[in-house]
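# Fold and geometry: a report
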Amino acid sequence: MAPPLLQPVHCSEDPDSGRGIDAQTSIPASGATVNCCQNRDSKPCACINQAIQCGRSDALRIETAMFKTILSSLTFFGLSVAAPAQALEVEMTFLVPARDAAGQAITERLSDGRELPVGMPIAEGPLKRRLLAATASGVAALLPDLDRMARARSRQTFDCPSIGGGIIVYLSDEDGGFARKDLFIEDGKGRRALCRDYFIDLTVDEASIADGQFEEVLAHEFGHVLLRRLLGPIPPTLSRNGHSVLVTTDPTTAFDEGFGEHFQPLALALTASEGFRARARFGAPSPADYWLSRRETWLRETAIPQGGFLFGSVRSDPQASGIEGWRLAQTDYSLDPCSVRSGEAQMASEGVAATVFYRLLAKSMTREALLARYEKLFTILARRADWHGRAPLVDLVRDWARLYPDDAKQVTRIFLEATGGATASADLRDATARLSCSGAHGKLADFLRNLPLYRQAFAAATDQVAAGKFALDAHLAPELWMTNPDVHIPAAPWDEKLTEPLVVDLNTADATSLAYLLAGKRDLASRLVKARDSARFSSIDEAVTRAKLTSGEASEIARFHRQIGDLPAFTRR
């Protein structure tokens, strides 16, 4: 269908009077051009069933449901529409570091000891125009609406008088992307105001805009902002493993990072950027693509929708030990189609969490359908309003089914299939492994025999869960954390300094990491893993009994378990 014709509407008032500024926007053609001006303190005037309000240059408000729906729907699908730059700036504010005479980014310390960045509005120029263009379509065009939904449901108070609301993006000098809280905003004349709100801290340049990295990272980090608006600050967690789709951490980290990561394949699916699509399909391959984080980005974009992270890894060097063995285990991106990971490991996997979020929310790629699904999610999370729970993903699906009963079977089936049924039943997990293994190895007769059995088992399980006869977490064991104060790991696999204590959950740790924690006692680690693979441990005492540990080994395991209480609090950035 051809897009409707658009024609200009001018909104101009004297900026010195405090009543408005010159601006231009567009509305659906109606056979007449309308000039719409008003006092900013009065109600919006009506312009062909649109309410268009004049405001100051950095706060032009377009309070029109029909206009926003039409404009955003067009830009969402990558159609070129002359969107008003002022309107975009209200919804997404770009800040750059305020700098001292030496060109260094300025910070200011609060009484609580926190060192906060000082930002100022980005100057007019090519970079700003590129940023506005990059955020006018695709997944970025959804973000302002998602932000409004989350703010409307949040129980927290946000105060940013310099801006008033919207998404704040601080274009820092520091590499990487982070969701942060609170910063100072300077007006260019040395006057600063504290902004008590969440913001996205990331780096950007022309290249990252051109190849879509900017919009992909922006969406990911904005996911963290959304969760913090709805659930509050992320609480301390026990696992110190660097987060990755390849790594097992803990359920809270997996929930947080998985939500951010589900935006990455969504960004690729919706992008209007040819550079983004070319990068994802390796249209311009580079030797730099061999680097670990480049590989991980590709996995996030492709394997999350496919659901590859429910499978275990094929260790390339099972004999590796010590810190090098740990590094290999953390960076092994091979997946074994015949091995479905345990429910406990999947609940601590951000890759699995991302698949669940993606399938729950991206059932349809129309703007209206996406916003409707996110609205349900935000309503559920706002009712919960905290991060607590042994398996946050299970809690989410239960709450969704309870609050929206018409969706109950659909969301239950999505979760069961995304996890291979591993949290609910050993039989479902085995059925998934059999079907996947026979299919991956081309065993047609076995696959055709296993396929109807799989479908029947999952249909029956879905009905039983919906009827309250079967629990989604029926097959989940408790977390059994252990640490050895003499064993350390780096903050990221490529770091040389071993700065963090190794902390593992006995019910999810791979054999290599467990052996490293146990000071290289590979036989002890092997016996524990073998016993655990037959059935997860309900307690440390059960692990000691079933793995047939000696009294000395039992004492050591118990000590490592107790020493968890001696660890300082650890909160991920």
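Above this text is the structure in question.
Structure report, in brief.

Reading the values: rules and limits
- Residues numbered from 1 in each chain as written.
- Predicted model: local features only at pLDDT ≥ 70, side-chain atom pairs only at ≥ 80, totals over all residues.
- Heavy atoms only, no water.
- Salt bridge = Lys/Arg side-chain N within 4 Å of Asp/Glu carboxyl O.
- Buried < 20%, exposed > 50% of the residue type's maximum accessible area, 1.4 Å probe, protein only.
- Helix = DSSP H or I, 4+ residues; strand = E, 2+ residues; numbered from the N terminus.
- Phe/Tyr/Trp six-rings, centres within 6.5 Å; stacked < 30°, edge-to-face > 60°.
- Contact = heavy atoms within 4.5 Å.
- Disulfide = S-S within 2.5 Å.

### Remarks on the pattern of salt bridges
- As enumerated under the stated definition, the model contains 41 salt bridges in all.
- A salt bridge links Lys-181 to Asp-182; the nearest nitrogen and oxygen atoms lie 2.8 Å apart.
- The class of Lys-181 is partly exposed, set by a relative accessible area of 28%.
- A salt bridge links Glu-417 to Arg-413; the nearest nitrogen and oxygen atoms lie 2.7 Å apart. In this pair, Glu-417 and Arg-413 are both assigned in helix H15 (residues 408–418), four residues apart and thus about one turn of the helix distant.
- A residue is classified by how much of its surface remains accessible, and Glu-417, at 30% relative accessible area, is partly exposed.
- Each member of the salt-bridge network shares a partner with another, and the members are Glu-91, Asp-145, Arg-148 and Arg-367.

### What about the packing of aromatic side chains?
- Within the structure shown, the criterion is met by 12 aromatic pairs.
- Between Phe-158 and Tyr-198, the aromatic rings sit 5.9 Å apart at their centres with planes inclined by 65°, giving edge-to-face as the arrangement. Separated by 40 residues along the polypeptide, Phe-158 in the loop between helix H4 (143–153) and strand S8 (167–171) and Tyr-198 in strand S10 (residues 192–202) bring together distant segments of the chain. Summarising the burial analysis for this pair, Phe-158 and Tyr-198 share the class buried.
- Seen from their ring centres, Tyr-374 and Phe-378 are 6.1 Å apart, and the 55° between their planes marks the pair as tilted. Residue Tyr-374 and its partner Phe-378 are both found in helix H13 (residues 367–384); the two are separated by four residues, about one turn of the helix.
- Accessibility expressed as a relative area gives 0% for Tyr-374, which makes it buried.

### Section: the side chain of Gln-563
- Along the chain, Gln-563 falls in the segment after helix H21 (551–562).
- Take Gln-563: its relative accessible area is 17%, and that puts it in the buried class.
- What Gln-563 contacts, discounting residues up to four positions off in sequence, is Thr-483 and Pro-485.

### Topic: unusual backbone geometry
- At Asp-182, a residue that is not glycine, the phi angle is positive and equals roughly 75°.
- Tracing the backbone through its elements, the reader meets Asp-182 in strand S9 (residues 177–186).
- You can call Asp-182 buried: its relative accessible area is 3%.
- Its identity as a non-glycine residue notwithstanding, Lys-548 has a phi of 55°, on the positive side.
- Mapping Lys-548 onto the fold places it in the loop between helix H20 (540–546) and H21.

### What to know about the state of the cysteines
- Taken as a whole and assessed by the stated rule, the structure comprises two disulfides.
- A disulfide bridge connects Cys-160 with Cys-195, and the sulfur atoms are separated by 2.1 Å. Between Cys-160 and Cys-195, the S-S dihedral sits near -115°, and the bridge is therefore left-handed. Within this pair, whereas Cys-160 is found in the loop between H4 and S8, its partner Cys-195 is found in strand S10, the two being separated by 35 residues in sequence.

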